[in-house]
Amino acid sequence: ARAAAMGGGGLTCPVQRVSDFLEGRLSTEPLPPSSYRLGVAAAPLHELYPPPLTAALRDGMRAFAASFPGFDGQAALLHGVETRTSAPVQVSRDHETCEALGLRGLFPAGEGAGYAGGIVSAAVDGIRVAEALLPVLVGGIAAARASGAPSGAAQEEVGQR
């Protein structure tokens, strides 16, 4: 509720440049462009959280900015209680099976695995990985049943693949 009030109401999102959040100052107009369609308003987001949380967020942002120059630049905006970043790593996977290279049975998907940059592309990648995984799951269950394994062993067989 406090963050919504900071935006001024009407679903306007309170924002603050990352650099201003780090320094504890209100961002000034003009603000960088935002993908939030209902409008943004400068707000002191550094005052939104309890001081220990603000300090932890600042430490994390500084560490992230050290690895990814520009993260704390003048165009970087914090939106309310959300910031947008993408995974700085990508878990290597086989192009056809989507299985992680070097780690059998792991099927990395979406933004956290480095295969998407937002909710829609993460959903699309999730569908792609699910379609690649389905034959593995069906094959594992069928193999366990064909071997005469007792009920429940099929799930264990899939987990061991």
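Please read these numbers as outputs of a predicted model, since none were measured by experiment.

With an omega of -5 degrees, the peptide bond running from glutamate 29 to proline 30 counts as cis. Residue placement: proline 30 occurs in the loop between α2 (18–23) and β2 (40–42). Residues other than glycine seldom take positive phi values, yet leucine 11 does so here, at roughly 65 degrees. For leucine 11, the location among the structural elements is in the loop between α1 (2–7) and β1 (13–17). You can call leucine 11 exposed: its relative accessible area is 62%.

A few words on the nonpolar core. By size, the foremost hydrophobic cluster in this structure holds 14 residues, and its most contacted members are Val18, Phe21, Leu45, Leu48, Met61 and Leu78. Those elements that provide at least two residues to this core are α1, α2 and α3 (51–67). If one sorts the elements of this core by residue count, α2 sits on top with three residues. Those residues in contact with methionine 61, other than ones at most four positions away along the chain, are Val18, Phe21, Leu22, Phe71 and Leu78.

Rules used in this analysis
Residues numbered from 1 in each chain as written. Predicted model: local features only at pLDDT ≥ 70, side-chain atom pairs only at ≥ 80, totals over all residues. Heavy atoms only, no water. Helix = DSSP H or I, 4+ residues; strand = E, 2+ residues; numbered from the N terminus. Buried < 20%, exposed > 50% of the residue type's maximum accessible area, 1.4 Å probe, protein only. Core = buried A, V, L, I, M, F, W, Y, C linked by side-chain atoms within 4.5 Å. Contact = heavy atoms within 4.5 Å.

Remember that the coordinates give geometry; whether it matters functionally is a separate question.
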